[in-house]
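A closer look at the structure
Listed below are the residues making up each chain.
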Amino acid sequence: QRVVNGVIGTAAAQAVLAYIGFVIAGVPGALVLDASVKQGGVMPAGEQALQLTFNEPVTLESLRAAGSLRLFDMSNGEQALNAPTIEALNGDGQSASRVEVRFTPTAGAQLRLRLEQARNLRGAGLWAPYQVDFKVAPSGATQPAIKYLENASFHRGAQDRVVIHGSGFSST
């Protein structure tokens, strides 16, 4: 147990130091750190936006440029869809580190969002292209809401049954 805790602690410390290194040393360009839909994830059918978080502010003009941000329908032979619209979630109206990518999803579609270019405030480009593949849930599908968990702590050798309290769960 001590060895496992030591390995986990060391890995966590290395991850924190790597992040601090990126912040202090700087990354040569903008980088997508997070998206509201993960690779292979499912977006609720009624939702019409996906959020992207960057390591630093990027200009909205560069995100809105033709070919910068593209959406493809993978369930229809990688057909290019209409360009999504971009809205800032923070920033000064000209740039933002969090943006909302708005589009009209088709229920049940398999989509790919690809970011090819963006410009940060230092004038540098996107450090690495970003791509996320995701599905849009079928219409009528509900997203469960978890209120709280019972017996959520793990006890080796004496684990109680974990009970999830909430609403919107399906039987499948």
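Here we summarise the structure given alongside this text. The structure displayed is predicted, hence computed values, not measured ones.

1. Description of the environment of glycine 125
Locating glycine 125 in the fold gives a position in the loop between β8 (110–115) and β9 (130–136). For glycine 125, a relative accessible area of 36% gives the class partly exposed. Along the primary structure glycine 125 and leucine 31 are separated by 94 residues, whereas in three dimensions their C-alpha atoms are 9.2 Å apart.

2. Comments concerning the packing of aromatic side chains
Applying the stated criterion across every chain, the model contains one aromatic pair. An angle of 50 degrees between the planes, with centres 6.3 Å apart, marks the rings of phenylalanine 103 and phenylalanine 134 as tilted. With phenylalanine 103 in the loop between β7 (95–102) and β8 and phenylalanine 134 in strand β9, this residue pair connects regions lying 31 residues apart in the sequence. Accessibility expressed as a relative area gives 9% for phenylalanine 103, which makes it buried. Residue class for phenylalanine 134 comes out buried when judged on its relative accessible area of 0%.

3. Brief notes about the pattern of salt bridges
If the charged atoms of two oppositely charged side chains come close together, the side chains can form a pair. Inspection of every chain in the model, using the stated rule, returns nine salt bridges. Among the ionic pairs, glutamate 87 bridges to arginine 102, the shortest N-O distance being 3.3 Å. Note that glutamate 87 is positioned in strand β6 (residues 85–88) and arginine 102 in strand β7, a separation of 15 residues in sequence. Judged by relative accessible area, which is 32%, arginine 102 ranks as partly exposed. Taking the shortest distance from any N to any O, the salt bridge between glutamate 116 and arginine 114 comes out at 3.7 Å.

4. Some points on the side chain of serine 95
Within the secondary structure, serine 95 is located in strand β7. Ignoring any residue separated from it by four or fewer positions in sequence, one finds serine 95 in contact with Pro57, Val58, Thr59, Leu60, Asn90 and Leu121.

5. Remarks on the sheet that holds strand β2 (residues 41–43)
The five strands lie next to each other as β2-β9-β8-β4-β5, forming an open sheet whose pairing is mixed. Because the sheet does not close on itself, it has two edges, and the strands there are β2 and β5 (79–80). By the bridge criterion, five bridges tie strand β4 (residues 69–73) to β8 in an arrangement that is antiparallel. Its bridge partner being in β8, leucine 69 is matched across the sheet by leucine 115.

6. Considering the nonpolar core
If you look at the biggest cluster of nonpolar residues, it comprises 28 residues, and the most contacted ones within it are Leu50, Leu52, Phe54, Leu113 and Phe134. Looking at this core, the elements with two or more residues in it are β1 (32–35), β3 (49–59), α2 (60–64), β4, β7, β8 and β9. Beyond its immediate sequence surroundings of up to four residues, leucine 52 is in contact with Val32, Asp34, Ala35, Ser97, Arg98, Val99, Val101, Leu113 and Tyr130.

7. Remarks on the side chain of aspartate 73
For aspartate 73, the location among the structural elements is in strand β4. There is no salt bridge for the buried aspartate 73, and the closest opposite charge comes from arginine 112, which lies 11 Å off by N-O distance. Among all residues touching aspartate 73, those that are not within four sequence positions of it are Glu78, Gln79, Leu81, Ala109, Gln110 and Leu111.

8. Things to note about the environment of glutamine 48
Note on placement: glutamine 48 falls in the loop between β2 and β3. Among the residues examined, glutamine 48 registers a relative accessible area of 41% and is labelled partly exposed. A sequence separation of 53 residues divides glutamine 48 from valine 101, and the C-alpha atoms of the two residues are 8.4 Å apart. Every residue in contact with glutamine 48, bar those within four places of it in the chain, is listed here: Val101, Arg102, Phe103 and Pro105.

What counts, and where the lines are drawn
- Here the residue numbers are simple positions, counted from 1 along each chain's written sequence.
- Only residues with pLDDT of at least 70 get local features here, since the model is predicted, and only at 80 or more are side-chain atom pairs given and counted; chain-wide, interface and lining totals rely on the full set of residues.
- Excluded from the side-chain calculation are hydrogens and water; included are all heavy atoms of the structure.
- For the purposes of this entry, the term helix denotes a DSSP run of H or I that reaches at least four residues, the term strand denotes a run of E that reaches at least two, and both are numbered from the N terminus.
- Here the term buried applies to any residue with accessible area under 20% of the maximum for its type, exposed to any over 50%, and partly exposed to those in between, with areas from a 1.4 Å probe on protein chains only.
- Two rings from Phe, Tyr or Trp (for Trp, the six-membered ring) form a pair when their centres are within 6.5 Å of each other. A pair whose planes differ by under 30 degrees is stacked, one over 60 is edge-to-face, and the rest are tilted.
- We define a salt bridge as a side-chain nitrogen of Lys or Arg found within 4 Å of a carboxyl oxygen belonging to Asp or Glu.
- Whether two residues touch is decided by their heavy atoms; if any such pair falls within 4.5 Å, the residues are in contact.
- Here, any two strands with at least 2 DSSP bridges between them count as paired.
- Remark: nonpolar core denotes a set of buried residues (Ala, Val, Leu, Ile, Met, Phe, Trp, Tyr, Cys) joined through side-chain atoms within 4.5 Å.
- Counted as positive: Lys and Arg. Counted as negative: Asp and Glu. His and the chain ends are not counted at all.

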